[in-house]
Amino acid sequence: MDVIVNAAASADGKLSSRRREQLAISGADDFARVDRLRAASDAVVVGVGTVLADDPHLTVKDDDLRSQRREDDRPGNPARVVVDSSGRTPTDAAILDDEATTYVCLSEAAPVDRRMALADHAELITAGEGRVDLLRAFATLQEEGLEQLMVEGGGELIFSLFEAGLVDELRLFVGPKIIGGRDAPTLADGEGFVSEFPTLELAAVDRLDDGVVLTWRVDDR
Ligand SMILES: NC(=O)C1=CN([C@@H]2O[C@H](COP(=O)(O)OP(=O)(O)OC[C@H]3O[C@@H](n4cnc5c(N)ncnc54)[C@H](O)[C@@H]3O)[C@@H](O)[C@H]2O)C=CC1
Ligand SMILES: Nc1nc(O)c(N)c(N[C@@H]2O[C@H](COP(=O)(O)O)[C@@H](O)[C@H]2O)n1
């Protein structure tokens, strides 16, 4: 399995403002790059915080890219995955529409009524007691044939994936905005590391729109 984290951050490292609304940090060329990365992936993964904040669709937007996938005997859109311990994904969320298969990864703490509501719209995976056990959940996704995973965020999930040693590559668009705010989400939130910080090897620097795309490989992967 290969896990690529992709995100867009302001020059000061924020994924959004303190209001947690979806912001256009990158421009048209970066959205096209993200679309190509989605098209090259078996699944696109987000945390439920991103679903609640952005109501993302996570589909491939370019018709030609979807057609090319079908010619390659793949579904037009990659699968979508929500990491959602207690089943908070709303049943009318865009991510649960019919455009692609959606997996919701729950913990054992997810209430039965939420499980029943989500089971009508998604494939359910249960891993972990109070919180989703990412190692187990990702192993199940791999058993489902999903090998190339793209993670779009947000900061809580990205931190946990680095903590679990599950990230192979980070692609970060850094854009020309200062968002600021101690409560605004950053690329990696969670508790933070105090030692044994994951280290990265710079693989590429590409100028795009009014920013740069930094590609880092994660050491020891
Ligand atoms: N600029 C960008 O590229 C992107 C920005 N965003 C922004 O990020 C913000 C949402 O990020 P967050 O609030 O950090 O939420 P998140 O999307 O990282 O979801 C975190 C939630 O996932 C659940 N979860 C279950 N098991 C977990 C585990 N093992 N580790 C971590 N989380 C687990 C928990 O309920 C947790 O609160 C929004 O403001 C959104 O707009 C989101 C994606 C991309
Ligand atoms: N690449 C990128 N640049 C930005 O400026 C962004 N705000 C994001 N956000 C991500 O895109 C998702 C929305 O996807 P759909 O258009 O609904 O398919 C959003 O939830 C973030 O994951 N990405």
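Residues numbered from 1 in each chain as written. Chains lettered and ligands numbered in written order. Predicted model: local features only at pLDDT ≥ 70, side-chain atom pairs only at ≥ 80, totals over all residues. Heavy atoms only, no water.

Novice: Honestly, the overall build of the protein in this entry has me stumped. Any pointers?
Specialist: Along the protein, the regular secondary structure elements total six helices and nine strands. Against the 2.2 N^0.38 benchmark of 17 Å for 221 residues, the protein shows a C-alpha radius of gyration of 17 Å, consistent with a compact globule. Summarising its shape, the C-alpha atoms of the protein cover approximately 45 × 45 × 35 Å along the three principal directions. Residues counted as buried form 46% of the 221 residues belonging to the protein. Within the protein, contacts between residues separated by at least 24 positions form 66% of all contacts whose residues are at least 6 apart in sequence. (Helix = DSSP H or I, 4+ residues; strand = E, 2+ residues; numbered from the N terminus. Rg over C-alpha atoms; globule rule 2.2 N^0.38 Å. Buried < 20%, exposed > 50% of the residue type's maximum accessible area, 1.4 Å probe, protein only. Contact = heavy atoms within 4.5 Å.)

Novice: Quick question: what am I supposed to make of the site of ligand 2 here?
Specialist: The immediate surroundings of ligand 2 are formed by 18 residues, with Leu23, Ile25, Ser26, His57 and Lys61 found nearest. Considered on its own, ligand 2 offers 530 Å² of accessible surface; in the complex 86% of this is hidden by protein. Those elements giving two or more residues to the shell around ligand 2 turn out to be α1 (28-39) and α2 (48-54). Among the elements that make up the shell around ligand 2, the one with the highest residue count is α1 (four residues). (Near = heavy atom within 4 Å. Areas by Shrake-Rupley, 256 points an atom, 1.4 Å probe, with all protein chains shown as cover.)

Novice: What's the story with the site of ligand 1 in this structure? I'm lost.
Specialist: Neighbouring ligand 1 are 26 residues; Ala8, Arg20, Thr50, Asp54 and Ser160 lie closest to it. The backbone of Gly49 places a nitrogen or oxygen atom 3.1 Å from an oxygen atom of ligand 1. Within the side chain of Arg88, a nitrogen or oxygen atom sits 3.2 Å from an oxygen atom of ligand 1. Of all the elements in the fold, those that place two or more residues in the shell around ligand 1 are β1 (2-10), α2, β6 (148-153) and α6 (155-163). Broken down by element, the shell around ligand 1 gets its largest block of residues, five residues, from α2. In the shell around ligand 1, the residues fall into eleven nonpolar, nine polar and six charged. (Polar contact = N/O pair within 3.5 Å; in protein donor to acceptor, adjacent residues only side chain to side chain. Nonpolar A, V, L, I, M, F, W, Y, C, P; charged D, E, K, R; others polar.)

Novice: Help me out: how do you make sense of the nonpolar core in this one?
Specialist: Note that soluble globular proteins tend to have their nonpolar side chains buried in a common cluster. With 32 residues, the main nonpolar core has Val45, Leu134, Phe138, Leu141, Leu149, Val151 and Leu161 as its most contacted residues. Going through the elements one at a time, β1, β2 (43-47), β3 (79-83), β4 (102-106), α5 (134-143), β6, α6 and β7 (169-175) are the ones with two or more residues in this core. In this structure, Val46, Ala93, Leu106 and Leu118 belong to the second largest nonpolar core, which totals 18 residues. (Core = buried A, V, L, I, M, F, W, Y, C linked by side-chain atoms within 4.5 Å.)

Novice: It is not clear to me how the pairing of β2 should be interpreted in this structure. Could you clarify?
Specialist: Looking along a regular strand, one sees side chains alternate from face to face of the sheet. Counting buried positions along β2 gives five out of five residues, so the element sits mostly inside the fold. Burial along β2 is two-sided: the face carrying Ala43, Val45 and Gly47 and the face carrying Val44 and Val46 are both buried. When β2 meets β6, the two strands line up parallel, connected through four bridges. Within the sheet, the bridge partner assigned to Ala43 lies in β6 and is Leu149. (Pairing = 2+ DSSP bridges.)

Novice: What am I meant to see in the side chain of Arg33 here?
Specialist: Among the secondary structure elements, Arg33 is positioned in helix α1. At 2.8 Å, the side chain of Arg33 and the side chain of Asn6 are in polar contact.

Novice: Any chance you could explain the confidence of the model for the protein here in plain terms?
Specialist: Regions with low pLDDT carry predicted coordinates that are not meant to be interpreted in detail. Confidence in the prediction for the protein averages 97 pLDDT; 100% of positions are at 70 or higher. Interface confidence for the predicted complex, expressed as ipTM, amounts to 0.97; the pTM equals 0.97. (pLDDT = per-residue confidence, 0-100.)

Novice: Sorry if this is basic, but what is going on with the UniProt feature "domain: Bacterial bifunctional deaminase-reductase C-terminal" (unreviewed entry) in the protein here?
Specialist: The feature "domain: Bacterial bifunctional deaminase-reductase C-terminal" (unreviewed entry), as annotated in UniProt, sits at residues 3-214 in this numbering. For the annotated span residues 3-214, helix accounts for 26% and strand for 25% of the residues, and the straight-line distance between the end C-alpha atoms is 16 Å. (UniProt positions renumbered as here; feature names shortened; annotations may be inferred.)

Novice: Sorry if this is basic, but what is going on with the layout of surface pockets here?
Specialist: The volume enclosed by the second largest pocket comes to roughly 150 Å³. Of all elements in the fold, only α6 and β7 reach the threshold of two or more residues within the lining of the second largest pocket. Broken down by class, the residue content of the lining of the second largest pocket amounts to ten nonpolar, no polar and no charged. (1 Å grid on protein atoms, 1.4 Å probe; cavity = no way out; pocket = protein on both sides within 12 Å on 5 of 7 lines; lining within 4 Å. Points joined across faces, edges and corners; volume = space filled by probe spheres on them.)

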